[in-house]
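Coordinate analysis (summary)
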Amino acid sequence: MDLVTALSADSGLLCVVGAGGKKSTLYTLASHLDRAVVTATVRIPIFDDHVRKVVITDAPGETLQRVEEWPVGVVPERERPDRYRGYDTETVASLRNRTDAPVLVKADGARTRLLKAPNDREPQLPSNADVVVPIASARVVGKPLTEEFVHRPEQVASLTGREAGEELRASDVATVLASERGGMKDVPEEATVVPVVNMVDDGELEAVGRDIAEQVLASADVSRVVLTRMTADEPVVAVVE
């Protein structure tokens, strides 16, 4: 199965949350679609190299009516030399009706860690999101529960029962992805959820990913979990159903 099909990304509003591959998922999807809009409801690093053009605008809906080169990025402001600011959720929600191109949204942050659980202010999901993609990295299994590898480790500890510094297991990653205080937090009622286990770079990590996937399927109302290697030409390693 190709990535666009696996993530139901061919239309509507798709939001990525979690850690271990949000940005690479957005950019890879954009490169696999005929047309796509990349944006965010939170800060996002400069991504001009991953789209044909980034437009800084307070009126993204009007901008999308005039786009001739795809994929395109829309953001409200360059906040610092290394990052853009994101729109509020209502503005991003409005884009769904302003274009027939898929809108791909970064909806929380993780500071390049491999796993995360949200705090009270996260994620920033538009109310009309069609697809939510919670992401975690297979590479976090076996790593200690510390800030080096986990964003908001105290939240992950609360969900999993692990102590700070304890080794993370596949079951812990599955718990975070499947929890309504983790990857499923604040998902709109009508949205489809497609969890992703990323960085499945070899056979050993595929076994880890499948273990995580089976446990997610056993505890969450999702139809499939997608294992990916976003650095590959064909990013989908497996679809576990």
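Heads up: the structure comes first, above all this text.
Residues numbered from 1 in each chain as written. Predicted model: local features only at pLDDT ≥ 70, side-chain atom pairs only at ≥ 80, totals over all residues. Heavy atoms only, no water.

1. Some thoughts on the overall build of the protein
Helix and strand counts for the protein stand at 7 helices and 15 strands. Its C-alpha atoms give the protein a radius of gyration of 17 Å, within 12% of the compact-globule value 18 Å for 241 residues. Here the C-alpha coordinates of the protein stretch approximately 50 × 35 × 35 Å along the principal axes. In the protein, which comprises 241 residues, the proportion classed as buried is 56%. Considering only residue pairs separated by 6 or more positions, the protein has 69% of its internal contacts joining residues 24 or more positions apart. Just so you have it, the protein exposes about 10,800 Å², and 40% of that area is on carbon and sulfur atoms. One way to put it: in the protein the 28 positive side-chain charges average out to a point 5 Å from where the 40 negative ones average out. (Helix = DSSP H or I, 4+ residues; strand = E, 2+ residues; numbered from the N terminus. Rg over C-alpha atoms; globule rule 2.2 N^0.38 Å. Buried < 20%, exposed > 50% of the residue type's maximum accessible area, 1.4 Å probe, protein only. Contact = heavy atoms within 4.5 Å. Areas by Shrake-Rupley, 256 points an atom, 1.4 Å probe, with all protein chains shown as cover. Lys, Arg positive; Asp, Glu negative; His and termini not counted. Charge placed at Lys NZ, Arg CZ, Asp CG, Glu CD.)

2. Quick notes on the pattern of salt bridges
Inspection of every chain in the model, using the stated rule, returns 17 salt bridges. We note a salt bridge from Lys 22 to Asp 108, for which the minimum N-O separation is 3.5 Å. With Lys 22 in helix α2 (residues 22–32) and Asp 108 in the loop between β8 (103–106) and β9 (115–116), the pair connects residues that are 86 residues apart, well separated along the chain. As far as burial versus exposure is concerned, Lys 22 and Asp 108 are alike and both buried. Measuring nitrogen to oxygen at the nearest pair gives 2.8 Å for the salt bridge that ties Arg 85 to Glu 77. Arg 85 sits in the partly exposed class, given a relative accessible area of 33%. Sharing partners across several salt bridges, the network here consists of Lys 22, Asp 108, Lys 116, Glu 122 and Arg 152. (Salt bridge = Lys/Arg side-chain N within 4 Å of Asp/Glu carboxyl O.)

3. So, unusual backbone geometry
In the segment running from Trp 70 into Pro 71, the intervening peptide bond is cis, with an omega of -5°. Mapped onto the secondary structure, Pro 71 falls in the loop between α3 (60–64) and β5 (72–75). For the bond from Glu 122 to Pro 123, the omega torsion is -10°, close enough to zero to count as cis. One can find Pro 123 in the loop between β9 and β10 (131–137). One non-glycine residue, Arg 152, adopts positive backbone phi at about 60°. Here Arg 152 lies in the loop between β11 (150–151) and α5 (153–160).

4. Some words on the nonpolar core
Of all hydrophobic cores here, the largest spans 55 residues; its most connected members are Leu 115, Ile 212 and Val 216. Ranked by residues supplied to this core, first place goes to helix α6 (residues 170–178) with 6 residues. Setting aside residues up to four positions removed in sequence, Leu 115 forms contacts with Ala 19, Ala 136, Val 140, Phe 149, Val 150, His 151, Val 156, Leu 168, Val 173 and Val 176. Membership of the second largest hydrophobic core comes to 30 residues, among which are Ala 6, Val 16, Ile 135 and Val 194. (Core = buried A, V, L, I, M, F, W, Y, C linked by side-chain atoms within 4.5 Å.)

5. A word on empty space enclosed by the protein
In this structure the tally under the stated criterion is 1 cavity of 30 Å³ or more. Elements supplying a minimum of two residues to the lining of the largest cavity: β1 (13–18), β10 and α6. (1 Å grid on protein atoms, 1.4 Å probe; cavity = no way out; pocket = protein on both sides within 12 Å on 5 of 7 lines; lining within 4 Å. Points joined across faces, edges and corners; volume = space filled by probe spheres on them.)

6. A closer look at the sheet that holds strand β3 (residues 44–45)
As summarised here, the arrangement of the 3 strands in space is β3-β7-β6, forming an open sheet in which the pairing is antiparallel. Sheet topology places β3 and β6 (77–80) at the edges, where each strand pairs with a single neighbour. Note: β3 against strand β7 (residues 83–85), 2 bridges, orientation antiparallel. Of the residues in β7, the one forming a bridge with Ile 44 is Tyr 84. (Pairing = 2+ DSSP bridges.)

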